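# Descriptive structure summary
The primary structure of each chain is shown beneath.
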Number of protein chains: 2
Amino acid sequence: MKVYGDSISGNCLKVKWTAELLGRPFEWIETDITKGESRTSAFLAINPAGQVPTVVFDDGRTLAQSNAIMLHLAEGSALIPADAYDRARMLEWMFWEQYSHEPYVAVARFKVVYEGLPVADLEPRLIERSHAAFVRLETGLADRPYLVGDHLSLADVALVAYTRVAHEAGFDLAQYPRVKTWVTRVEEALGL
Amino acid sequence: MKVYGDSISGNCLKVKWTAELLGRPFEWIETDITKGESRTSAFLAINPAGQVPTVVFDDGRTLAQSNAIMLHLAEGSALIPADAYDRARMLEWMFWEQYSHEPYVAVARFKVVYEGLPVADLEPRLIERSHAAFVRLETGLADRPYLVGDHLSLADVALVAYTRVAHEAGFDLAQYPRVKTWVTRVEEALGL
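## Notes on the sheet that holds strand β1 (residues 2-5) of chain A
Residues and elements named next belong to chain A. Taken together, 4 strands build an open sheet; the order of strands is β2-β1-β3-β4 and the sheet is mixed. Strands at the two margins of the open sheet, each flanked by one partner only, are β2 (27-30) and β4 (62-64). Each strand of the sheet is rotated relative to its neighbour by a mean of 20°, with strand direction disregarded. The pairing of β1 with strand β3 (residues 54-56) spans 3 bridges and is antiparallel. Bridge pairing in β3 links Lys2 to Val56.

What follows is the structure, given as structure tokens:
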């Protein structure tokens with residue numbers, strides 16, 4: 001399969017890491033979002049939403065949305081809990097990630113690292129909501145090594161993507177010791 | 001099970017509709033987000049993220065995130081396609097809904113209907129992104145009656161929630177005839 005992705009995007013790296021964990025071969029096609037490469041007519045023919053990551057399978061069928069791709073690739077693997085409730089909690093974290101974590105933590109990082117905005121000029125709302133997301137993660141890790149049960153799941157892969165680079169937007173994870181330890185644990189599992 | 005939800009929230013109604021489609025009994029506990037009822041210490045003990053909908057099952061376990069709840073309730077039902085690729089496309093739509101549709105369409109509606117903002121004063125970005133979402137839906141419905149395959153799936157239930165009330169924020173779906181027809185089709189399936 002081909003993975004269209006931008007290496008600066010945690011959403012894209014999630015798919016790469018999941019494929020690597022599963023030992024699934026893929027061709028990475030670097031797609032520079034800052035140069036509009038996900039908005040060309042050729043790319044829009046693959047994904048009308050104009051977003052990376054997008055996967056093209058060997059039969060030509062396509063799939064977008066990082067978390068949907070991960071769930072599809074990992075079906076039947078140990079990255080998805082066998083228990084129905086644990087599986088639902090994993091999905092809860094993954095939808096929360098896209099709604100309540102990525103739009104703040106990833107956006108803050110993008111503005112600082114790729115648009116050159118000084119950390120001091122970040123909108124207060126981005127900073128507040130990012131901290132709220134870290135607090136939520138810290139609570140979720142209170143009594144367990146991974147977000148769901150005792151094993152690495154797609155929830156960890158999804159949430160670590162932007163949490164591990166949050167410091168690039170000026171966030172100090174030392175305030176969230178369980179999150180900090182968990183990032184290291186997940187990075188080790190991912191071979192990062 | 002108990003469903004904590006606010007009747008003005010499409011995210012909460014998604015869970016109600018899914019439970020009704022499945023014939024699954026539930027107790028609805030009205031939780032007024034505009035009065036901060038999802039931020040009380042009692043509520044935060046149920047869901048530390050302070051968001052509705054949140055479900056409490058009979059055994060006391062909890063689950064949040066509308067789309068995660070729907071996926072859990074509907075496991076093994078006809079609302080989730082049996083084919084792996086169709087299932088992945090359904091998930092693609094559901095993640096896209098939370099990232100690229102709800103944050104614009106639902107937020108615009110909330111500002112107009114519940115905060116009293118005149119339509120003319122909506123941020124241009126909310127309007128542009130909402131129209132981009134409708135265009136994406138129109139494209140997705142070009143050659144099929146439902147978003148995935150020939151049958152109603154959770155993707156339709158999730159996407160119809162705020163699309164059907166988009167007119168309350170001043171959007172005219174007449175520009176998107178396939179979307180308009182699809183809304184009616186899904187509403188009929190939901191008995192609305």
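## With respect to helix α3 (residues 66-73) of chain B
For α3(B), the buried fraction is high: 8 of the 8 residues fall into the buried class. Buried residues along α3(B) sit against α4 (84-114) of chain A together with α1 (10-22), β3 (54-56), β4 (62-64), α4 (84-114) and α6 (154-163) of chain B.

## Focus on the domain arrangement of chain A
Residues and elements named next belong to chain A. Splitting chain A by domain gives domain 1 (2-73) and domain 2 (84-190). A straight line from the C-alpha centre of domain 1 to that of domain 2 covers 21 Å. Between domain 1 and domain 2, the residue contacts involve 11 residues of the former and 11 residues of the latter. Sorting the residues of the side of domain 1 that touches domain 2 by element identifies α1 (10-22) and α3 (66-73) as the ones contributing at least two each. Broken down by element, the residue count for the side of domain 1 that touches domain 2 peaks at 6 residues, all from α1. For the side of domain 1 that touches domain 2, a count of residues per class yields 5 nonpolar, 5 polar and 1 charged.

## What to know about the interface of chain B and chain A
Contacts between the two partners involve 23 residues from chain B, matched on the other side by 23 residues from chain A. Of all the elements in the fold, those that place two or more residues in the side of chain B that touches chain A are β4, α3, α4 and α5 (124-140) of chain B. A per-element tally of the side of chain B that touches chain A places α4(B) first, with 10 residues. In terms of residue class, the side of chain B that touches chain A is built from 13 nonpolar, 6 polar and 4 charged.

## Some thoughts on the pairing of strand β2 (residues 27-30) of chain B
Residue and element names in this part refer to chain B. Two strands pair when backbone bridges link them, and strand β1 (residues 2-5) and β2 are joined in this way by 4 bridges, in the parallel orientation. Counterpart to Lys2 in the pairing with β2 is Glu27. Note that the unit made of β1, α1 and β2 has a crossover that is right-handed.

What counts as what
- Residues numbered from 1 in each chain as written.
- Chains lettered and ligands numbered in written order.
- Predicted model: local features only at pLDDT ≥ 70, side-chain atom pairs only at ≥ 80, totals over all residues.
- Pairing = 2+ DSSP bridges.
- Helix = DSSP H or I, 4+ residues; strand = E, 2+ residues; numbered from the N terminus.
- Axes fitted to C-alpha atoms, helices over the stretch in contact; angles between N-to-C directions.
- Buried ≥ 20, exposed ≤ 12 C-beta atoms within 10 Å, placed from the backbone.
- Contact = placed C-beta atoms within 7 Å.
- Domains from an automatic or database assignment.
- Nonpolar A, V, L, I, M, F, W, Y, C, P; charged D, E, K, R; others polar.
- Right-handed = clockwise from strand over helix to strand, strands pointing away.

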